[in-house]
Amino acid sequence: MRKTVTRLSDGRELLYFDSGSGDASGAARDAVDRRALAPVVSVSEVRHDPLLGEDVAIASHRQGRIYHPPADTCPLCPSTEEWQSEIPAAAYEVAVFENRFPSLSGAHGRCEVVCFTSDHRASFADLTEERAAVVLAAWTDRTAELSARPGVRQVYCFENRGAEIGVTLAHPHGQIYALSYTAPRTATMLRNAVAHRAATGRNLFEDVLERERAGERVVLAGEHWTAFVPYAARWPYEVHLYPNRRAGDLTELDEDARAEFPRLYLELLRRFDRIFGTDEPPTPYIAAWHQAPVTGAGRQEFALHLELFTVRRASGKLKYLAGTESGMGAFMNDVSPESAADRLREVASS
């Protein structure tokens, strides 16, 4: 994997990643951002909710961000003579840059955009295994670098796909947040993992994986990864992907797990697109990497894993959060985890 580091005209960092098999790094190295951009001005802050013990980011400047632009003015496509985008290069494999409209900035963290491909019409599921491996390398690189920054407590890599999820740019991309606090769900999982260790002497995540691997909800299993619908799934179709050997974050994955990941993850995404039949629009989803906090009590108990879920509950129907879910955080699932697992096995690639 090759990495090329440059900057946009307003000073934001831009990084290109490529497999080394083509001339993408040369094109990236020579490309110059010809736009005359003013420096980014953000007013993000982090406020603490004393009742829940959780932090909330306030980023009112994001109201003016780009919203569903036409394909010929997409800010994530390669630049052309007619259109200068956020990517100055005329071609690229994977590109990462600082978000011009960040939810977090300065002492409160950093937000980056990850473009998985230069093809505006593609999706992550359309990538080759080689290209998916480049994306994994980019996620790992950014996790390592952002974790080393002062004040960063956790690095969160994720993809939102589909207008139903709230995506404002159609180009295949994800984001990386360097948080100045530990995300609430992570903090809850850590508390439970520490309590489980005290009560049993074992790791909670390893026990969950062992139980699921022996059960009926396994969707896809390799030598180094296991994908399963969790016993208490909150979403209609929700899959968790775990490395079989526990790692705290992406930087701790061994080479065997890295080599196997592209094949299994691409198959999982392709199955998601077949859940509701080929006549349906592409399945909207969120793919979220849960990584251990950079520091803190109990970090060694955490286990890296990816959670993939969709808000579509049936053909032509979305799952909207009900009052119990939005108001109280008490989820109620209309699809049994066992039937969801059955369906995801049914739509396996032939």
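Placed above this text is the structure.
Keep in mind the model is a prediction, meaning the values are calculated, not measured.

Participant: How should the environment of Glu307 be read in this particular structure?
Facilitator: For Glu307, the position within the fold is in strand β13 (residues 305–310). Sequence-distant contacts of Glu307, that is, excluding residues within four places in its chain, are made with Arg185, Glu238, Val239, His240, Ile286, Ala287, Ala288 and His290. Within the local environment of Glu307, its side chain forms a polar contact with the side chain of His290, the two groups lying 3.4 Å apart.

Participant: I tried to follow the sheet that holds strand β10 (residues 225–228) on my own but got confused; where do I start?
Facilitator: In a beta sheet, neighbouring strands are held together by backbone hydrogen bonds and run either parallel or antiparallel to one another. Taken together, the 11 strands give an open sheet; going across it, the order is β1-β2-β5-β6-β8-β7-β12-β13-β11-β10-β9, and neighbouring strands pair in antiparallel fashion. What marks the edges here is a single partner per strand, and that holds for β1 (2–7) and β9 (218–221). Averaged over all pairs of adjacent strands, the angle between their axes in this sheet comes to 20°, without regard to strand direction. Across the sheet, helix α5 (residues 255–272) is in contact with β7 (154–161), β9, β10, β11 (237–243), β12 (285–290) and β13; its angle to β9 comes to roughly 140°.

Participant: Is there a simple way to think about the pairing of β13 in this case?
Facilitator: On any regular strand, side chains alternate: one points to one face of the sheet, the next to the other face. Where burial is concerned, most of β13 is hidden: six out of the six residues are buried. Taking every second residue as pointing to the same face, both faces of β13 are buried, with His305, Glu307 and Phe309 on one and Leu306, Leu308 and Thr310 on the other. By the bridge criterion, five bridges tie β11 to β13 in an arrangement that is antiparallel. The residue bridging Glu238 from the neighbouring strand is Phe309, located in β13. Relative to β13, β12 runs antiparallel, the two sharing five bridges.

Here is what the cut-offs are and how they apply
Residues numbered from 1 in each chain as written. Predicted model: local features only at pLDDT ≥ 70, side-chain atom pairs only at ≥ 80, totals over all residues. Heavy atoms only, no water. Helix = DSSP H or I, 4+ residues; strand = E, 2+ residues; numbered from the N terminus. Contact = heavy atoms within 4.5 Å. Polar contact = N/O pair within 3.5 Å; in protein donor to acceptor, adjacent residues only side chain to side chain. Pairing = 2+ DSSP bridges. Axes fitted to C-alpha atoms, helices over the stretch in contact; angles between N-to-C directions. Buried < 20%, exposed > 50% of the residue type's maximum accessible area, 1.4 Å probe, protein only.

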